[in-house]
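# Structural description and commentary
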Amino acid sequence: MAKTLYINTGINGMGVLGRRLLRMMFELNYDDNYPAEFHIFQINDPNMTAEQLAYLLQYDTVYGTWGRTVEAISGNIVIDGRTIIFTHINYDDTKGWYNCNWGENSVEYVFDCMGIDSLETNAAMSTHFDGGAKNVFCCGNAMTNEMVSVVFGITHKGVDVSSTPIVGIYTGDIQAAAVIGTLLDDNCRVEYAIFENICSYTNLNNLEDSALNVYTSNPQIGRAGAWNIIPLKAPASRYVGLVAPQVNGKIKGRELRAGTIAGAFMNITADVHDFDATTFYAYVKATVAGDLASAYINNAMCVKYVGGYFNVSSDAIGEPCIIMNENDYVKLTANMVNIQVLYDAISLQAGNAILVATYWNAQQRGV
């Protein structure tokens, strides 16, 4: 397939999500099946040098060594000979992100991956426009209902792109809950559901037991992340209704952080109307798409439907899709069922951001 869309991109925040997003975009540029090409002109992170970032892009504990030449040259990042401007702008209480000056480097679409909860608002994100950006995709966890939040395949076609320059891209657990809840509700109507998200520890956890003052309401998060299964309140409980309105108020849950570095399971136990496994999984198989290109072309939820064994959590690492296995369900009664899926939270969030940005670009350009 010939490339029909060219997305002039900037990434704000080069933590684990920003770096994953950059690598995925770069590789999609070489994927003939994906219709968009991402021209990454500028990246911004106030907390690391070019040398540190070049190293972390090339060598990744979770996603492996990248088969690209990554160099720090004159303070910028050069990948296979392509230069990306690297700036180090902090958020300014008066000017916001204005000083990033995205427009000077031809950036139209900014993916904000800073992960600063207090700045995940329309007001803070709009300051990217002052620096020349035209669209902002806020890839975070703490957005409120003031921001239009989208999961591709569920709500993306219901948004007026021309009047929505700021879009919220929630985390993988919220997307997983939204996708499973929507598939169940579409096929056999959900009355209510409880999910349990079993995910890996993050850099919010500690290596050793110690206090984290910013999480005084959840002191257990300060326990050693690699040695414990840690129960926490689940953000998806608060936000899943924003990205999947049809199940708003029907789904609640909790989170367990386990001593793994990536990969997650989500279980949803739902009270539904007459669940039939054959009918449900036939519907899933006909509805979803198993890679980014197919999901975009078919306007479908990005879910990889598989048979056979349900793999272990590390088998999801690098997958931008939720993995659903036709054998992994427990039916207690016709009206009570438990469904389990597997996913990589970072890749899933990055994949959703890419799909939504591609759709926005296509609508704006009339392609």
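The structure reproduced in this document is the subject of the present report.

Conventions we followed
Every chain is numbered independently, its residues counted from 1 as its sequence is written. Reporting in this predicted model follows two pLDDT cut-offs: at least 70 for local features of residues, and 80 or more for side-chain atom pairs to be given and counted; totals over whole chains, interfaces and linings ignore these cut-offs and use all residues. With hydrogens and water set aside, each side-chain value is computed from the structure's full complement of heavy atoms. Helix and strand definitions here come from DSSP, where helices need a minimum of 4 consecutive H or I residues and strands a minimum of 2 consecutive E residues; each element is numbered from the N-terminal end. In this treatment the radius of gyration is a C-alpha quantity, and the globule benchmark scales as 2.2 Å times the residue count to the 0.38 power. For the exposure calls, accessible area comes from a 1.4 Å probe over protein chains only, and a residue counts as buried if that area is under 20% of its type's maximum, exposed if over 50%, partly exposed in between. Only heavy atoms matter for contacts: two residues are in contact if any of them lie within 4.5 Å across the pair. Here a polar contact is recorded for every N or O atom pair within 3.5 Å, except that within protein the pair must consist of a potential hydrogen donor and a potential acceptor, and residues adjacent in sequence are included only if both atoms are side-chain atoms. Think of a salt bridge as a Lys or Arg side-chain nitrogen and an Asp or Glu carboxyl oxygen that are within 4 Å of each other. Every angle, taken between N-to-C directions, lies between 0 and 180 degrees, and every axis is a line fitted to C-alpha atoms, over only the stretch in contact when it is a helix. When describing relative orientation, an angle under 35 degrees is termed roughly parallel and one over 145 degrees roughly antiparallel, while 65 to 115 degrees is termed roughly perpendicular and anything else oblique. Left-handed describes a crossing whose near helix is turned anticlockwise from the far helix through less than a right angle; right-handed describes the clockwise counterpart. Residue polarity is assigned by list, with Asp, Glu, Lys and Arg as charged and Ala, Val, Leu, Ile, Met, Phe, Trp, Tyr, Cys and Pro as nonpolar; anything else, Gly included, falls into the polar class. By the convention used here, strands pair only if DSSP detects at least 2 bridges between them.

## Points about the overall build of the protein chain
The helix and strand tally for the protein chain stands at 8 helices and 17 strands. Since a compact globule built from 367 residues should have a radius of gyration of about 21 Å, the 20 Å found for the protein chain is in line with a globular shape. Along the three orthogonal principal directions, the C-alpha set of the protein chain runs to about 65 × 55 × 40 Å. Looking at the protein chain as a whole, 54% of its 367 residues are labelled buried.

## Here's the deal with the environment of D173
Mapped onto the secondary structure, D173 falls in helix 4 (residues 172–188). Overall, the relative accessible area of 7% leaves D173 in the buried class. Setting aside its immediate chain neighbours within four residues, D173 contacts N197, P235, A236, E255, M266 and Y343. Within the structure, the side chain of D173 is placed 2.5 Å from the side chain of T171, a separation counted as a polar contact.

## Some remarks on the pattern of salt bridges
The tally for this structure, following the rule as stated, stands at 9 salt bridges. The shortest N-O distance in the salt bridge between D209 and R223 comes to 2.9 Å. A residue pair is termed long-range when its members are at least 10 positions apart, and D209 in the loop between strand 11 (190–200) and strand 12 (230–233) and R223 in the loop between strand 11 and strand 12 qualify at 14 residues. The partly exposed category is assigned to D209, whose relative accessible area is 45%. One salt-bridge network, held together by shared partners, links E27, R68 and D80.

## Things to note about unusual backbone geometry
Excluding glycine, most residues fall at negative phi; most peptide bonds, likewise, are trans. At S106, a residue that is not glycine, the phi angle is positive and equals roughly 70°. Within the element layout of this structure, S106 appears in the loop between strand 7 (82–87) and strand 8 (109–112). The exposure class assigned to S106 is partly exposed, which follows from its relative accessible area of 40%. Of note, D274 is a non-glycine position whose phi angle comes to about 60°, a positive value.

## Some points on the packing of helix 4 against helix 5 (residues 235–243)
The geometry of a pair of packed helices is captured by two quantities: the angle between their axes and the separation between those axes. Packing of helix 4 against helix 5 leaves a shortest axis separation of 9 Å and a crossing angle of 55°. The orientation of helix 4 relative to helix 5 falls into the category oblique. Crossing of helix 4 against helix 5: the hand is right-handed. Together, D173, I174, A177 and A178 of helix 4 and P235, A236, Y239, V240 and V243 of helix 5 make up the contact between the two elements. The residue inventory of the contact of helix 4 with helix 5, partitioned by class, reads 8 nonpolar, no polar and 1 charged.

## Concerning the sheet that holds strand 16 (residues 322–333)
Overall, mixed pairing links the 7 strands, which are arranged 12-13-11-14-17-16-15 in an open sheet. Here the strands that pair on one side only, and so sit at the sheet edges, are strand 12 and strand 15 (303–306). Recorded for the sheet is a direction-independent mean angle of 25° between the axes of neighbouring strands. Relative to strand 13 (residues 251–258), strand 11 runs parallel, the two being bridged by 8 bridges. Across the sheet, residue I198 finds its bridge partner in strand 13, namely L256. Along the sheet, helix 5 contacts strand 11, strand 12 and strand 13; its crossing angle with strand 13, the most-contacted strand, is approximately 135°.

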